[in-house]
Amino acid sequence: MNRKDKLVVALDAGSLKTCALAAEETEGGTLKYLALGRAEAKGWRKGLIVNLEAAAGAIRKAVDEAEQVVGVPIERVVVGLGASQVRGLNSRGGITISSRHREIQREDVRKALEVARTVHLPAECALVHVIPQEYLVDSQDGILDPVGMVCGRLEANVHIVTAAAAAMNNLVAAANRAGLIVAETVLEPLAAAEAVLNSDQRALGVVLVDMGAGSTDVVCFRHGALQHSFTVPIGGEHFTNDIAVGLRTPIPEAEKIKRSFGVATQLLAGENTSIEVPSVGDRPSRLVPQRALADILEPRAQEVLGRVLDELRRAGLDRQMGAGVVFTGGAAKLVGLCDIAEEVMDMPAQIGLPEKLEGAPDSLRHPAYAALIGLLYFAQRVEQRRAESAGMMTRLRAFFAGKN
Ligand SMILES: Nc1ncnc2c1ncn2[C@@H]1O[C@H](COP(=O)(O)OP(=O)(O)OP(=O)(O)O)[C@@H](O)[C@H]1O
Ligand SMILES: [Mg+2]
């Protein structure tokens, strides 16, 4: 097998950065880091592509950078889908096995899932994922694998993730225009969850909050299965804009101030700490107490976390998240975010760091790369399925060739 056969590539086209991460599968089935290509995102606004050509250019740049290190052309990628009016809904559907009870086959499970996923979607919505939550065998719930059980009726509970069709089509179009085949699109917080959550957290109940630049994307797990997914259209950019307006300073300066001195709660603002704030135009810079900065950031943090909590409440999940909330995305780095989250959401909070990939630089162990690394695991499964079906085709061909 050559490198091209084992190559696994993830693409995260966020509103701040566009990244292509390449790895290869080792003999042992683990992933080994090869390269990271990075480009400034272009052609995006509020988490959506507004200029296809520019977005495609940024993707191409990131992929070119990775290709130079990998040494072979990158053809197929798994792409992350963020923001874009993501909506999750739960659905149930099933089939009658037979009047006389018999053993459930794989094909029965496939049919039950097919019925469960049949929901009416408006034309502007695209189906992104159908994820099985549990099966019900003659109304007995909580079954994860019903194959081999004996019953008369099999039902499936599934979580269906939909997104704005235009957003999804534009993302795929931008990748195609950059010369790539999109093997799969994966909801970004779902990818982030893959990189930072363990099975105990998913069993106990956990909210994963991926706070990027343009939006905050959320997925929720319980009993080991995805229960809810949604987006709050507020991200790190909004915090930066608030600072720029509140302290009357240019956006790039506001961004620097946020990263160096920003705190999400008054409690962490230094009593006597002052920050030098450059003014707009020719005016001299001013000294502003850190408390004034916290005054700006705290209400924004409360707003976004409050909206996440409202959505959990609406879904009846707010009291069921035993493992609390885990933050990923660049904006998770805001100092004090976990403190304010524990206060607003009344659950334990922590930052989710992706597991280290073999051979990867330490800089990749950052919450902003959680979705990208998670996408790589999805890409690995896509490549494994491709290899399996290619192997099957080869065996079939050999079989028929032998017959002649
Ligand atoms: N130390 C820090 N403190 C506060 N915010 C930070 C820090 N570092 C990065 N951020 C913020 O993180 C955001 C970028 O996060 P990320 O890299 O996850 O975005 P993205 O994936 O490109 O965006 P999106 O997912 O919304 O499309 C920016 O708004 C940036 O200001
Ligand atoms: Mg992102």
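Residues numbered from 1 in each chain as written. Chains lettered and ligands numbered in written order. Predicted model: local features only at pLDDT ≥ 70, side-chain atom pairs only at ≥ 80, totals over all residues. Heavy atoms only, no water.

Often, the extent of an interface is quoted as the loss of accessible area upon association of its parts. If you check the domain split of the protein, you get domain 1 (3–84 + 166–197 + 355–391) and domain 2 (87–163). In this structure, domain 1 and domain 2 have C-alpha centres spaced 30 Å apart. Facing the seven residues of domain 1 at the interface are seven residues of domain 2. At the junction of domain 1 and domain 2, the tally comes to zero salt bridges. For the pair domain 1 and domain 2, the number of links is one residue pair in polar contact (both at pLDDT 80 or more). Looking at the side of domain 1 that touches domain 2, the element that brings in the most residues is strand β13 (residues 181–187), giving three residues. The residue inventory of the side of domain 1 that touches domain 2, partitioned by class, reads five nonpolar, two polar and no charged. (Domains from an automatic or database assignment. Contact = heavy atoms within 4.5 Å. Salt bridge = Lys/Arg side-chain N within 4 Å of Asp/Glu carboxyl O. Polar contact = N/O pair within 3.5 Å; in protein donor to acceptor, adjacent residues only side chain to side chain. Helix = DSSP H or I, 4+ residues; strand = E, 2+ residues; numbered from the N terminus. Nonpolar A, V, L, I, M, F, W, Y, C, P; charged D, E, K, R; others polar.)

Turning our attention to a nonpolar patch on the surface. On the surface, Met392, Met393, Leu396, Phe399 and Phe400 cluster together into a nonpolar patch covering about 510 Å² of accessible area. As for its placement among the helices and strands, leucine 396 is situated in helix α11 (residues 370–403). (Patch = residues over 30% accessible without salt bridge, like charges linked within 9 Å, V, L, I, M, F, W, Y side chains within 5 Å. Areas by Shrake-Rupley, 256 points an atom, 1.4 Å probe, with all protein chains shown as cover.)

Let us look at helix α4 (residues 165–177). Over its 13 residues, α4 extends 18 Å from the first C-alpha to the last, a length consistent with the 18 Å expected when each residue adds 1.5 Å. Backbone geometry just downstream of α4 places glycine 179 in the positive-phi region, at approximately 85°. (Expected span 1.5 Å × (residues − 1).)

Here the focus is unusual backbone geometry. Even without a glycine there, the phi angle at aspartate 138 is positive, about 45°. The exposure class assigned to aspartate 138 is partly exposed, which follows from its relative accessible area of 35%. For histidine 223, which is not glycine, the phi dihedral falls at a positive 50°. By the secondary structure assignment, histidine 223 is in the loop between β15 (216–222) and β16 (225–232). (Buried < 20%, exposed > 50% of the residue type's maximum accessible area, 1.4 Å probe, protein only.)

Moving on to the environment of glycine 336. By the secondary structure assignment, glycine 336 is in the loop between β19 (325–328) and α10 (337–345). Residues glycine 336 and glutamate 25, 311 residues apart in the sequence, show an inter-C-alpha distance of 38 Å. Other than its neighbours up to four places away in sequence, glycine 336 contacts Ala264, Thr265 and Leu268.

Axis separation between helix α2 (residues 52–70) and α4 bottoms out at 8 Å; the angle between their running directions is 55°. In terms of orientation, α2 and α4 fall into the oblique class. Helix-helix and strand crossings are classified by hand; for α2 and α4 the assignment is right-handed. Contacts between α2 and α4 involve Leu52, Glu53, Ala55, Ala56 and Ile59 from the first element and Asn170, Ala173, Ala174, Ala175 and Arg177 from the second. Each residue belonging to the contact of α2 with α4 can be placed in one class, and the counts come to seven nonpolar, one polar and two charged. (Axes fitted to C-alpha atoms, helices over the stretch in contact; angles between N-to-C directions. Parallel < 35°, antiparallel > 145°, perpendicular 65-115°, else oblique. Left-handed = near helix turned anticlockwise from the far one by under 90°.)

Moving on: the pattern of salt bridges. According to the stated counting rule, one finds 25 salt bridges in the structure shown. In this structure, the salt-bridge partner of aspartate 12 is lysine 17, at a minimum N-O distance of 4.0 Å. Grouping residues by exposure puts aspartate 12 and lysine 17 together as buried. Across the pair arginine 76 and glutamate 383 runs a salt bridge, and its minimum N-O distance is 2.6 Å. Residue arginine 76 is located in strand β6 (residues 76–81), and its partner glutamate 383 is located in helix α11; the two are separated by 307 residues in the primary sequence. For glutamate 383, a relative accessible area of 12% translates into the label buried. What emerges from the salt-bridge pattern is a single network uniting Asp242, Arg300, Glu303 and Arg307.

Of all residues adjacent to ligand 1, which total 19 residues, the nearest are Ser15, Gly214, Glu255, Lys258 and Gly330. Between an oxygen atom of ligand 1 and a main-chain N or O atom of glycine 214, the distance comes to 2.8 Å. Serine 215 has a polar backbone atom sitting 3.3 Å from an oxygen atom of ligand 1. Taken by itself ligand 1 offers 660 Å² of open surface, and the protein chains cover 91% of this. Listed by contribution, the elements that provide at least two residues to the shell around ligand 1 are α7 (236–246) and α8 (251–261). Broken down by element, the residue count for the shell around ligand 1 peaks at three residues, all from α8. Taken together, the residues of the shell around ligand 1 sort by class into five nonpolar, eight polar and six charged. (Near = heavy atom within 4 Å.)

Attention now goes to the layout of surface pockets. Counted as a void, the second largest pocket has a volume near 630 Å³. Lining the second largest pocket are 23 residues, with Val130, Ile131, Pro132, Phe378 and Arg381 positioned closest to its centre. Broken down by secondary-structure element, the contributors of at least two residues to the lining of the second largest pocket are α3 (106–116), β9 (125–137), α5 (188–196), β16 and α11. Partitioning the lining of the second largest pocket into residue classes produces 12 nonpolar, four polar and seven charged. Mapped onto the domain boundaries, the lining of the second largest pocket takes at least three residues apiece from domain 1 (3–84 + 166–197 + 355–391) and domain 2 (87–163). (1 Å grid on protein atoms, 1.4 Å probe; cavity = no way out; pocket = protein on both sides within 12 Å on 5 of 7 lines; lining within 4 Å. Points joined across faces, edges and corners; volume = space filled by probe spheres on them.)

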